[in-house]
Amino acid sequence: MATGDVSAADLAVLESAQRSRLLTALAALLKLGHAAQPRPRRDDIPPTPLTVSWSVLTAAQRSSPEAVEEVLRDPSVGACAFHLLRTVAQGAVPGPAETVAGACARLFGSMAAAAAVRAGMRCSLRVPARRGRLWLPSLGLTGAVGRGEWPVVGVESRAHGTVVFGDSGSLRLPDDMSRPVEGWSPLPVAEPADGGRRVALDHLSPHRDFRGLHDPAPLAAEDLGRWRDLLRAAVELLKERHPGAYRAVTATVRSLVPVDGPSTLRVVSATVPDAYGAVTMSLPADAASLAVTLVHEVRHQLLSTVDELMPLLAPAPEGPEPTYFAPWRGDPRPLRGLLYGAHAFAGVTAFWQARRKQDGDRADFEFAFHRWQLRTALAALGGATGLTEAGGRIVTALADAARPLWAEQVNGPGARLAELCCRDLVAGWRAAHLVVRPGDADELARRWSAGLSPPALPGARMGASRPSLPGNARIWLARLRCTDQQAFKQACAALETGATSPFGITDATPADAALVSQDTAKARHLYRRSTPSPEAWIGLGLAADSRTSLLVERPELVLALHAALLRRGVQPPGPEELAEWLGS
C-alpha cells in the first residue's frame, strides 16, 4: 500500500471491506429507523416501512445479485448512510423538515426501488423524495412529481414497466434506463476505451457532495463530452505508463462528481471515506491533470480503508493535538493530515517522474516541487510520535521507495522555478504561523534604535491559530509558465492591465509575474512600490540577493521587528534594510 503497487487481490480485499462497512451501517440504520418510525396520521401518506423495503432488497439479491451490487456500489448510498448514521449518533436531525424515520425510509425505499427496477421485479413502494424528485441510486433522478420539501411519492413496478407518481403528476420510466426522456435524467457514464469499469458522472444525486444535500446541477453536453474524452485519455495514459496506478484507479473510482473550479489550471478535488469510489473535482485542462488528480485522490481512499481495518495512528492524548508544517497546505496540519498527504504525494511524485521525457519543463517542475514536498513531509513523519506499528511501517516503506528519487538530477527552468516555489511556500507558512516573543522583538527594536548591531537572532514558536497567507499565486504562475507558455504570457499581460484573477490565479500581481519570468530587477521595483504585506516582502526577498535573504528564511523575524519599532513610535525603514541589519 505504501508504494502504491497494489495487486488486484489487495484491491479486492479493500473493496470487500468497504462493502462490509456499508452493510453494517445499513443494518444499524434499519434498527434505528424502525425504532424511530412514528404512527402515521390519518391524513398522511406514510412511506413504506423499512422492513418492507429491506425485504424487497433481499428478494432482489436472491433473484439478481448483480442488481443489488450495482445499487450498493453507488458512492452516494454510502455518503447518505454514513451521514445519517453519524447524525443519529449525535442526536441531531438529518436536515430541514426531515425526521430520522423519514430519512431512513428515503434511503431504503430509494435503494429498494432501484434494485427492483434493475432486477425487473414487481414492487409497490412509497418513498420520501426531496422536492418531489425520486433518486434511484446507480440509475438517475426523476423529475418532480410531488409538492413540498419531502413529499412521499409512489413507485409501482410491473411487467409492463415502472411508474412514479405523486400529488402533482406521474411519469413512466423508460425501458432503457440509460436513455433520457421527459421526466427522467439517467446518470451519465464514461466508458474507458479498454472496456474496463464504467465511471458515472454524477451531477444528479442529492448526496453526491459530502458537504450536504444538493439539487441536480446542469451538465452541458459539451462538458459531458469533454469529461468522457479526458477520462478515456487519462485511463489510457495510466495504463501505458503507470500500471500500478492504473490498477488502483480503475478498481476504485466509481463516480466523478463535477464541480466548479477557479479554472482548468487550478483543479479542485476531494474525496471522503464515506463515499468510497467517488471523486469530486472540477474539469481539468488535459488528461495528465485528470490522471494525476485521480492518483492523488485514490491514494487517499485506499489508505483510509487500510486505516479503518488496522489503525495507523494511536489514540490522541488529552490536550492540544500536535500540528506540523505540511508543504501542500497553508495551515498547520495534524499527524493524520501529514501522513495521508505524504502517501498521496508519493504517487503524484512518481507520476511526474515517469513523464519527464514527454512533458519537459512541466514534468520537471512538478517532479521537483512534489519531490521536495514528499521529502519534507517524510522528515517530519520520521520524528513524529503518535503512529501505530502499522503507521510506522507505512512511513518506512514510503521512505524506502522514495530514496532513489532524491539523487535524480533536475535542471533547467522547471527546476529553478520549483526551487523558487519551495522557498516561497516555506516563507509564507513561517510568516503566517510563527511568532517571535514580544520581549525578543522589543530587544531587537531597542538595539536598532540605538544603532547597535543585532544580537543572536531569537527563535520563533507556533502562534495562535491565524489565517494563512492568500493564494500561492506565484506557485500557480510558475505552474502555468511550465505548462503553457502562451497562456502565461496572456496572464502577465492581463495583470499589467489590472486583471485580478487570470486563469483563476487569485491575488497575483505584476510583480509576481515579473519574478516568475525571472526579471528580478522589475520584480524588485514593483514589490517596493506595492502595498506593504508579508506576501510582497517575501516576494522582494525572493527577487533580491543574499543580503536580504532573511525576508525568505526568517520573515517572521522581520515582521516582528517592524511591529516592535512601530510600538516604540519609530518609523521603520523598508523591509530590505531591516533584513540586511538582522543578517549583519
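In this report, the structure presented in the accompanying data block is examined. (Residues numbered from 1 in each chain as written. Predicted model: local features only at pLDDT ≥ 70, side-chain atom pairs only at ≥ 80, totals over all residues. Heavy atoms only, no water.)

1. Digging into the pattern of salt bridges
Counted by the stated rule, this structure contains 33 salt bridges. Residues Arg86 and Asp274 are paired through a salt bridge, measuring 2.7 Å at the closest nitrogen-oxygen approach. Of this pair, Arg86 sits in helix α4 (residues 75-89) while Asp274 is found in the loop between β11 (269-270) and β12 (278-282), placing the two residues 188 residues apart along the sequence. A salt bridge links Arg567 to Asp442, with the shortest nitrogen-to-oxygen separation between them at 2.9 Å. Separated by 125 residues along the polypeptide, Arg567 in helix α20 (residues 555-567) and Asp442 in helix α13 (residues 438-449) bring together distant segments of the chain. Of the residues examined, Arg567 reaches a relative accessible area of 52% and is grouped as exposed. Beyond isolated ion pairs, a larger network of salt bridges with shared partners links Arg130, Arg131, Arg133, Glu149 and Asp215. (Salt bridge = Lys/Arg side-chain N within 4 Å of Asp/Glu carboxyl O. Helix = DSSP H or I, 4+ residues; strand = E, 2+ residues; numbered from the N terminus. Buried < 20%, exposed > 50% of the residue type's maximum accessible area, 1.4 Å probe, protein only.)

2. Focus: helix α8 (residues 287-309)
Along its 23 residues, α8 runs 33 Å from first to last C-alpha, staying within 8% of the 33 Å computed at 1.5 Å per residue. Summarising burial for α8: 21 of the 23 residues are buried, a large majority. One side-chain oxygen at the N-terminal end of α8 lies 3.4 Å from the backbone nitrogen of Ala288; it belongs to Asp286. (Expected span 1.5 Å × (residues − 1). Polar contact = N/O pair within 3.5 Å; in protein donor to acceptor, adjacent residues only side chain to side chain.)

3. Some points on the packing of helix α3 (residues 65-72) against helix α5 (residues 100-119)
It is at 8 Å that the axes of α3 and α5 come closest, and there the two elements cross at 140°. Overall, the two elements α3 and α5 adopt an arrangement that is oblique. When the axes of α3 and α5 are compared, the crossing they make is right-handed. Touching Ala67, Val68, Glu70, Val71 and Leu72 of α3 are Met111, Ala114, Ala115, Arg118 and Ala119, all from α5. Here the residues of the contact of α3 with α5 sort into eight nonpolar, no polar and two charged. (Axes fitted to C-alpha atoms, helices over the stretch in contact; angles between N-to-C directions. Parallel < 35°, antiparallel > 145°, perpendicular 65-115°, else oblique. Left-handed = near helix turned anticlockwise from the far one by under 90°. Contact = heavy atoms within 4.5 Å. Nonpolar A, V, L, I, M, F, W, Y, C, P; charged D, E, K, R; others polar.)

4. As for the environment of Leu477
For Leu477, the position within the fold is in helix α14 (residues 473-483). When its relative accessible area of 0% is taken as the criterion, Leu477 is described as buried. For the pair Leu477 and Pro502, spaced 25 residues apart in the sequence, the C-alpha separation amounts to 9.6 Å. When residues no more than four places from it in sequence are discounted, the contact partners of Leu477 are Phe488, Leu495, Ile505, Ala508, Asp512, Ala513 and Val516.

5. Brief notes about helix α12 (residues 413-433)
Note that an α-helix has 3.6 residues per turn; residues three or four places apart therefore point the same way. Look at α12: 30 Å from first C-alpha to last across 21 residues, which is about the 30 Å you get at 1.5 Å a residue. When you tally the buried positions in α12, you get 15 out of 21 residues, the bulk of the element.

6. Thoughts on the environment of Arg86
Relative accessible area serves as the criterion here: at 40%, Arg86 is assigned to the partly exposed category. A C-alpha to C-alpha distance of 9.8 Å links Arg86 and Ala25, two positions 61 residues apart in sequence. Discounting residues that sit within four places of it in the chain, Arg86 has contacts with Arg21 and Asp274.

7. A look at the packing of aromatic side chains
All chains considered together, the criterion is met by eight aromatic pairs. A ring pair is formed by Phe351 and Trp352, whose centres lie 5.1 Å apart and whose planes are at 90°; its orientation type is edge-to-face. Judged by relative accessible area, Phe351 falls into the buried class, the value being 2%. The exposure class of Trp352 is buried, given its relative accessible area of 3%. (Phe/Tyr/Trp six-rings, centres within 6.5 Å; stacked < 30°, edge-to-face > 60°.)

8. Points about the sheet that holds strand β5 (residues 161-166)
Strands sit in the order β1-β4-β5-β6 across an open sheet of four strands; the sheet is antiparallel. The strands lining the two open edges of the sheet, one partner per strand, are β1 (123-128) and β6 (169-172). The sheet shows a mean angle of 15° between the axes of neighbouring strands, direction not considered. Strand direction decides the pairing type here: strand β4 (residues 152-158) and β5, joined by five bridges, are antiparallel. Bridge pairing in β5 places Ser157 opposite Thr162. (Pairing = 2+ DSSP bridges.)

9. Observations concerning unusual backbone geometry
With glycine set apart, most residues show a phi of negative sign, and most peptide bonds adopt trans. Phi is positive for Phe503, close to 55°, though the residue is something other than glycine. Its location among the elements puts Phe503 in the loop between α15 (485-496) and α16 (510-516). For Phe503, a relative accessible area of 32% puts it in the partly exposed group. With phi around 70°, Asp507 is a residue other than glycine that occupies positive phi space. By the secondary structure assignment, Asp507 is in the loop between α15 and α16. Asp507 sits in the partly exposed class, given a relative accessible area of 47%.

10. Focus on the nonpolar core
Leu256 and Leu294 are the most contacted members of the largest nonpolar core, which totals 107 residues. The dominant element in this core, judged by the number of residues it contributes, is α8, at 11 residues. Apart from residues no more than four positions distant in its own chain, Leu294 is found in contact with Leu231, Val249, Val253, Leu256, Val279 and Met281. In this structure, Ala60, Val71, Phe108 and Trp184 belong to the second largest nonpolar core, which totals 52 residues. (Core = buried A, V, L, I, M, F, W, Y, C linked by side-chain atoms within 4.5 Å.)

11. Thoughts on the sheet that holds strand β10 (residues 255-259)
If you walk across this open sheet you meet the five strands as β8-β9-β10-β12-β11, and the pairing is mixed. The open sheet has two edge strands, β8 (189-190) and β11, and neither has a second partner. Two strands pair when backbone bridges link them, and β10 and β12 are joined in this way by five bridges, in the parallel orientation. In the sheet register, Val257 faces β12, and the bridge partner there is Thr280. Running at roughly 155° to strand β9 (residues 199-201), helix α6 (residues 221-241) makes contact with β8, β9, β10 and β12 of the sheet. Against the sheet, α8 makes contact with β10, β11 and β12, and its axis sits at roughly 140° relative to β12, the strand it touches most.

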